[in-house]
Amino acid sequence: MKRFLVLTVGLLLLSLGSWIGWKTISRAQNRRLVLTGSSTIAPLAVEIGRRFEALHPGLRVDVQTGGSSRGIADARRGIADIGMASRRLKTSEKELLVHTIARDGICMVLHAGNPVSSLSDSQIVGIYTGKIQNWKEVGGKDAAIFVLNKAEGRGTLEVFLKFFGLENPSIHADAIVGDNEQGIKTIAGNPNAIGYLSIGTAEYDQKHGVPIKLLPSHAVQASTETLAAGTFPISRPLNLVTKGVPSGIAKTFIEFCQAKDVHDLIKAHYFVPATR
Amino acid sequence: MTSLRPTTSSPPRADVFLVFALRALAVVASGIVLLILVFLLLESAPALEGIGLTRFFSDASWHPLSDRFNMMPMVFASLAITFGAILAAIPLGIGSALFCRYYAPPKLASLYRALLQLLAGIPSVVYGFWALVVLVPVLFPSLLAGIVILSLMILPTVALIADASLAQIPLEYSHGSAALGLGRWSMIRGVLLPSARRGLVTAILLGLARAIGETMAVLMVCGNVVQFPKSLTDPVRTLTANIALEMSYAGDLHRSALFVSGLLLMGLVVLLVAIAEGLSRGKIYA
């Protein structure tokens, strides 16, 4: 009995000791690349970072969120090696160097059976704020509009609100969905629904026979091509920013983010790789 | 009667080890619950300090990014959906158990039991997807759709545990009541159901716990609009759905506020368990 106890305690101490030792050694060995900023880019940056770490043993890519503004501020002050910003830079921030790695865009989506083929910005605002309640007011059938919104914190919600100049509390939704896939299922099952989705996902599902319709914006077709080309209006660039021309490991990382090797990761997050 | 304690002065080695191991496991099990509670408290501390407890009850709405943190509609929705589901599942579940045990021919009963076990094993996402494709186009995303899918999900839990607790009633009870000339229904109502009360309460309790903790299916069919529903057909958002919807994209205070949802949820479960315990005790000893 006693021997058993001694053995257990001994083993525990041993493993604790080796864990602490391993931690200190690995921390001493590691070089770190620090990225801070946009929570839209962060999940993608984490995955790219993981792949990058595998190629560069002994390097740790440290990704922290806190919003695009923090990313820009940190890059400026040199706290972060690279800042992440999911918006265009303001003129006051132009001294930073921008490296676009991908584009994120959303489009309005209807059920394929809905006769409405385009909506103006003000009509969309009217629908989402509850001023327009019936499809016949915008040239459709006599049926109540079923409005779909996204949960707070989602990148697509942020793009949508910013583009149409809306505040989330003023939106009257009939349902709130989480991810794009749930949104698509809901619209495909309801002929009177309207929602907005990531263009990448919406296009993929439409090509695979899901009965949805992607609405153009400002007469520009919603597709991954127009998004990649930068002509589709409801979109934003996903940028890495650096103070001055990057060098060393930061330069290698940015080049890695823009290379074909990570296009699969970018697409998996429903973004489109930026065409240079 | 012989005592359970061994009569020799020193118990066998194997027993000592067993007791030691069982105690250790008990400590681990209760330790995990405590750790979860401590973790929830730590993670929600920034929100409790930065926002203040009262604002979770008094704010205008739940729009964490616009600094509004009212969770009461979600607490209400969680309770409404749970009680709706259990109200539907109790008669169906206990009815199924009674049918299995006392009315069905043995072959049919075992087939039916196997079917219930299968139903209990279906993952909740599958229920959710089915409801999204079949229920939602008819009922729309609503409180009602949530209640329907949840009652289906907890039905097998309630039925199987009720069935098991009916099986534990000593055979003498039914023999005795048959000898007194009671009919089948009088026997069930007067003798068997009351003596299985403890097990039936457990069945209902586990059903309740599963219902209040259910996330994916509810997230898919309830519409997730944060509001007090005016009717059964209004969309609602439960506390669990709130966490699942927003956690992966939340930062800072918003994230911490979601842990407060978790804390509230834990509080609700503790409350339900306490009430159920109290109810079953009171009736047994009264």
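Below is a summary of the structure that appears in this document. (Residues numbered from 1 in each chain as written. Chains lettered and ligands numbered in written order. Predicted model: local features only at pLDDT ≥ 70, side-chain atom pairs only at ≥ 80, totals over all residues. Heavy atoms only, no water.)

What to know about the pattern of salt bridges
In the structure shown here, the tally under the stated rule is 17 salt bridges over all chains. A salt bridge links Arg76(A) to Glu95(A), with the shortest nitrogen-to-oxygen separation between them at 2.8 Å. Note that Arg76(A) is positioned in helix α3 (residues 68-77) and Glu95(A) in the loop between β3 (82-85) and β4 (97-111), a separation of 19 residues in sequence. For Glu95(A), a relative accessible area of 48% translates into the label partly exposed. Where Asp163(B) meets Arg101(B), a salt bridge forms, and the shortest distance between an N and an O atom there is 3.2 Å. Of this pair, Asp163(B) sits in helix α6 (residues 143-167) while Arg101(B) is found in helix α3 (residues 72-103), placing the two residues 62 residues apart along the sequence. (Salt bridge = Lys/Arg side-chain N within 4 Å of Asp/Glu carboxyl O. Helix = DSSP H or I, 4+ residues; strand = E, 2+ residues; numbered from the N terminus. Buried < 20%, exposed > 50% of the residue type's maximum accessible area, 1.4 Å probe, protein only.)

Observations concerning unusual backbone geometry
Residue and element names in this part refer to chain B. For Asp67, which is not glycine, the phi torsion reads 65° and is therefore positive. With respect to the secondary-structure elements, Asp67 resides in the loop between β1 (62-63) and β2 (68-69). One non-glycine residue, Phe140, lies in positive phi territory at about 65°. By the secondary structure assignment, Phe140 is in the loop between α5 (124-139) and α6.

Some thoughts on the packing of aromatic side chains
Counted under the stated rule, the structure contains 13 aromatic pairs over all chains. Summarising the aromatic geometry, the rings of Phe146(A) and Phe140(B) are spaced 6.1 Å apart at their centres and angled 25° between planes, so their arrangement reads as stacked. Linking Phe146(A) in strand β5 (residues 146-150) with Phe140(B) in the loop between α5 and α6, this pair reaches from one chain into another. Owing to a relative accessible area of 11%, Phe146(A) belongs among the buried residues under this scheme. Note on Phe140(B): relative accessible area 40%, which makes it partly exposed. Summarising the aromatic geometry, the rings of Phe39(B) and Phe259(B) are spaced 5.6 Å apart at their centres and angled 80° between planes, so their arrangement reads as edge-to-face. Here Phe39(B), found in helix α1 (residues 13-50), pairs with Phe259(B), found in helix α12 (residues 252-285); they are 220 residues apart in sequence, far enough to count as distant. Residue Phe259(B) is classed as buried on the basis of its relative accessible area of 10%. Here the aromatic cluster, defined as three or more aromatic residues joined through ring pairs, consists of Tyr128(A), Phe160(A), Phe163(A), Phe164(A) and Tyr196(A). (Phe/Tyr/Trp six-rings, centres within 6.5 Å; stacked < 30°, edge-to-face > 60°.)

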